[in-house]
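# A closer look at the structure
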Amino acid sequence: MINFLLERKIEKRLDPVRLQGRILFLTEDPELIKRQLAGEDLPWDTKNPANNPKLRDDISTDEITPAHYCFYFDETLGEIPYLGLKCGNVTPIGRGEVKRGGFVCAVSGKRRGKGSSREQSPYAEMCAGIRVVIAENIERIYKQNCQNLGVLTSTDFSLIDRIRGGEEVALSEFTAGEDEITRQVIEYGGLFPFNVARMQGKVFLPPVRTGSRPMTLAEKIFARHMANETGGVGVACVKPGDTGFAQADLRFSHEYVTPMAAIFFERYVGKDAKVNDAGSIIFFRDHLTFLDEVISEEKKKLGLLDLATQLKLKQQDFAAKQGIKLHGELKDRKGSEGICHSIVLESYALPGQLNIGSDSHTPHVGAIGCVAFGIGTTDVFNSWITKDVRVKVPESVRIVIRGKRHANATAKDFILKILSLDYVRSGKALAKVMEYAGEAIEELSVDERATMTNMAAEIGGFTGIVAPDKKAVDFLVERRGIDQAKAEAMMAGLYSDRDAQYAHVIELDAAEITPMVATPGDPGNGKYVRDLNTPVPIEIAYGGTCTAGKNEDMDMYAAVLADALRQGKRVADSVKFYIQFGSQETREYCLRKGYLDVFQKAGAIVIEPSCGACINAGPGVSTRPDQVVISAQNRNFPGRSGPGQMYLASPLTVAASAVAGYIVEYEPSEVLVDA
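A few points on the structure. (Residues numbered from 1 in each chain as written. Predicted model: local features only at pLDDT ≥ 70, side-chain atom pairs only at ≥ 80, totals over all residues. Heavy atoms only, no water.)

### Digging into the overall build of the protein chain
Operational definition: A run of H or I in DSSP counts as a helix once it spans at least four residues, and a run of E counts as a strand once it spans at least two, with each numbered from the N terminus. We compute the radius of gyration from the C-alpha atoms alone; for a globule the expected value is 2.2 Å times N to the 0.38, where N is the number of residues. Working rule for contacts: check all heavy atoms of both residues, and any pair within 4.5 Å makes them a contact. To measure how exposed things are, a 1.4 Å probe is used in the Shrake-Rupley method; for residues, cover is taken only from the protein chains shown. Think of it this way: Lys and Arg go in the positive column, Asp and Glu in the negative one, and His and the chain ends go nowhere. A single reference atom marks each charge: NZ on Lys, CZ on Arg, CG on Asp, CD on Glu.
Within the protein chain, the regular secondary structure consists of 28 helices and 24 strands. Relative to the compact-globule value of 26 Å for 675 residues, the protein chain shows a C-alpha radius of gyration of 24 Å, a close match. Taken over the C-alpha atoms alone, the protein chain extends approximately 75 × 60 × 50 Å along its principal axes. At a minimum sequence separation of 6, the contacts of the protein chain that also span at least 24 residues come to 75%. Summing over all exposed atoms, the protein chain offers an accessible surface of approximately 24200 Å²; the carbon and sulfur share of this is 48%. Both charge centroids of the protein chain, one from 81 positive and one from 89 negative side chains, sit 2 Å from each other.

Take a look at the structure:
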């Protein structure tokens, strides 16, 4: 494989670039978008921005490419971009309209590309003719996916006039402020051609020569994994801004991403080529196991269910051909072995590792002191060649939660509070490590810490991490069967130095945080349940996903429902309450604890493991715009889990609301005992 790539002819993209085409302004006003699609070029005053219509902020990848359309993994995606874009209560863009409109540039506001790491989003834009994306700020994974594919990105709105004027634009306009490696990725037109040039010795890799300094926990782990000048792995120290390639201990992907990555691999490397170190690669069939139960007849007629089956088959075939471990569907009943993040934490990840995965919630395993982060399709398939991933060492934000939490407050309430802070909502936390600390964090179990690290993705952070301690040791011993002395030895040095530098420090008092919800539309719309002005009746309650399908989450659902049964109550007649395991290990845990009997008697509907409703692909999705859902999942972006109005909340709040029939705080009859 290497010899074949060494002979590949690789050239840089043309410089300067001429971007010939129209500009699509993604505004809050749906009528303005429709007029542009009909052929009108919207006037735009770059010198007086206040004169312009309001641009849409917080455009998620769910809106750029709704989940069901990600079953396509070829150029058909060019018909799809912005089909889920919601402006008011309208989705103004139809299939194929962007491609037919001759647009070369798309412009939006703050936090473009938040949410899922799906590379289908920039790939769909690229296949529709979009060559440059302009926004006030851009989420890390989405931006990196654009760069990897060759789509240009910028926060410079003055480019609008130059593109409209047909001017040539120097490539340096798009590489300004980028690190040395990213600059070259952009110049070569994407990550794969850059990596081939790297193998051929045509690119410059700046050595990491940072002198001795106090480091954060994440920086220490990066230092252990960065490629050094001698061709080995590990450098003495790193600092924010250092760039290079970090060797991954684990690389994983699921059926949403593996097939597209496999096609890229076979197209650009070779059908008979072998991946580098198949033993450290893991595949998962965890996203679409229950899709057939909820997909609409309309989507079936479009062939989307058949396409989803092809995703599964392509992943199976590639895994078998390459000798890669696949955690797949169950043989004796419907469901999967488990969600990727759940299984990686339960069975694979170790403190101090650097793990990469094809999902934005890869930081889940930061709960035991790993640096783990989501990557896109191109990064996935390139890692199969090189076993490493390009990184720019991020800054860290230290989030300290002190004091004692309330009995009915959970890690989910902590993270919803953090998401509601101006520092996060304004985008200042983007691409930074979220390091959680303080007495209230130390008191949390590993399962609860995983809720915090998992939802670093919603913050827009690079990753989330908690320094491993005795609870992490106990987790490895009790849940993984690792020898105690060996587990304790893994913790050596895994802490932040006393004088480590942080971009920002957030301090919160756990005693001030009561049960919260995020109101529909965004996980950052957090407010205390007690501040809801009027009762909010619900029709669906959902407990599950990687964020809320863990053992301790099941403890919480069971505690609330057992409490209800003791009081002669059960799930309200007006509510369907779904509880979905994150893994088979968690299902077995529930069997041992007798929870399945509690769930059944209380009227909850139990589902085998899968991502399911969280990605609009399983029981628990809404079916009407006026339907109100309360969910313990991690995202409530428009359309992500059906057309309804979704509130996010903790497992305790979700279960209590299912019993009450409307959103309420859980008031335990006895103080809950930590698991």
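Still more to cover.
### Some details on the pattern of salt bridges
Applied cut-off: The rule for a salt bridge is simple: a side-chain nitrogen of Lys or Arg has to be within 4 Å of a carboxyl oxygen of Asp or Glu. When accessible area is computed with a 1.4 Å probe and restricted to protein chains, residues below 20% of their type maximum are described as buried, those above 50% as exposed, and intermediate ones as partly exposed.
Applying the stated rule across the entire model yields 55 salt bridges. The closest approach of N and O atoms between Arg183 and Glu187, which form a salt bridge, is 2.7 Å. Taken as a pair, Arg183 and Glu187 lie in helix α9 (residues 180–187) at a separation of 4 residues, close to a single helical turn. Residue Arg183 is classed as partly exposed on the basis of its relative accessible area, which comes to 24%. Accessibility expressed as a relative area gives 15% for Glu187, which makes it buried. Linking Asp332 and Arg333 is a salt bridge whose minimum nitrogen-to-oxygen distance equals 2.9 Å. Connected through shared salt-bridge partners, Asp332, Arg333, Arg587, Glu588 and Glu608 make up one network.

### Quick word on the sheet that holds strand β12 (residues 371–374)
Counted only if it meets this: DSSP-based pairing: two strands are paired if at least 2 bridges between them are found. Note on geometry: axes are C-alpha line fits, over the in-contact stretch for helices, and angles between N-to-C directions span 0 to 180 degrees.
Pairing in this open sheet of 5 strands is parallel, and the strands run β10-β9-β8-β11-β12 from one edge to the other. On the outer flanks of this sheet lie β10 (325–327) and β12, each paired with one strand and no other. Each adjacent strand pair in this sheet contributes to an overall mean axis angle of 20 degrees, direction not counted.

### A few points about the nonpolar core
What counts, and what does not: We define the nonpolar core as a collection of buried residues of types Ala, Val, Leu, Ile, Met, Phe, Trp, Tyr and Cys that are connected through side-chain atoms lying within 4.5 Å of one another.
Counting 105 residues, the largest nonpolar core has Phe373 and Trp384 as the members making the most contacts within it. Excluding anything up to four places from it in sequence, Trp384 contacts Arg251, Ser253, Thr258, Ala261, Ala262, Phe265, Val275, Asn276, Ile281, Phe283 and Phe318. The next biggest cluster of nonpolar side chains, apart from the first, holds 41 residues, and it includes Ile538, Ala541, Ile579 and Ala649.

### Considerations on the packing of helix α26 (residues 584–593) against helix α27 (residues 595–602)
What counts here: Angle categories are assigned with fixed cut-offs, so that under 35 degrees is roughly parallel, over 145 is roughly antiparallel, 65 to 115 is roughly perpendicular, and the rest are oblique. Each residue gets one of three labels, nonpolar for Ala, Val, Leu, Ile, Met, Phe, Trp, Tyr, Cys and Pro, charged for Asp, Glu, Lys and Arg, and polar for the others, Gly among them.
Interaxial distance between α26 and α27 falls to 5 Å at its minimum, and their mutual angle equals 85 degrees. When the interaxial angle is binned, α26 and α27 end up roughly perpendicular. Counting all contacts with α26, which are made through Tyr589, Cys590, Leu591 and Lys593, the residues of α27 involved are Tyr595, Leu596 and Phe599. Here the contact of α26 with α27 is composed, by residue class, of 6 nonpolar, no polar and 1 charged.

### A look at α27
Rules: This arc is taken over the directions from the axis of the helix to the C-beta atoms.
When α27 is considered as a whole, its buried residues turn out to be Tyr595, Val598, Phe599 and Ala602. Considered in projection along α27, the buried side chains sweep an arc of 95 degrees and stay on one side of the axis. Exposed residues lying more than 90 degrees from the buried face of α27 are Gln600 and Lys601. Each element contacted by the buried residues of α27 is listed here: α25 (551–566), β21 (576–580), α26 and β22 (605–607). Positive phi shows up at Gly603, right after α27, with a value of about 95 degrees.

### Quick notes on the packing of aromatic side chains
For clarity, the threshold we go by: Two aromatic rings, drawn from Phe, Tyr or Trp (for Trp, its six-membered ring), form a pair once their centres lie within 6.5 Å of each other, and the interplanar angle then sorts them: stacked below 30 degrees, edge-to-face above 60, tilted otherwise. Charge-over-ring contacts are defined here by two conditions on Lys NZ or Arg CZ: a distance within 6 Å of the ring centre and an angle within 35 degrees of the ring normal.
On inspection of all chains with the given rule, the structure shows 20 aromatic pairs. Geometrically, the ring pair formed by Phe264 and Phe381 is edge-to-face, given 5.8 Å between the ring centres and 70 degrees between the ring planes. Residue Phe264 is found in helix α12 (residues 258–268), and its partner Phe381 is found in helix α16 (residues 377–386); the two are separated by 117 residues along the sequence. Residues Phe264 and Phe381 agree in their burial class; the two are buried. Grouped by ring-pair contacts, the aromatic residues Tyr123, Phe192, Phe264, Tyr268 and Phe381 constitute a single cluster. Geometry around Tyr495 places Lys220 over its ring, the cationic atom sitting 3.8 Å from the centre.

### Let's talk about the sheet that holds β22
Two pairing modes exist for strands in a sheet, parallel and antiparallel, and in both the strands are linked by backbone hydrogen bonds. Read across the sheet, 7 strands follow the order β19-β18-β24-β23-β20-β21-β22 without closing on themselves; strand pairing throughout is mixed. The open sheet has two edge strands, β19 (526–528) and β22, and neither has a second partner. Strand after strand, the sheet turns through a mean of 25 degrees between neighbouring axes, direction not considered. Alignment of β21 against β22, held across 3 bridges, turns out to be parallel.

### Overview of the environment of Leu159
Residue placement: Leu159 occurs in helix α7 (residues 159–164). Residues Leu159 and Val196, spaced 37 residues apart in sequence, show a C-alpha to C-alpha distance of 31 Å. When near neighbours in sequence (up to four residues on either side) are disregarded, Leu159 contacts Ile134, Ser154, Val169 and Phe174.

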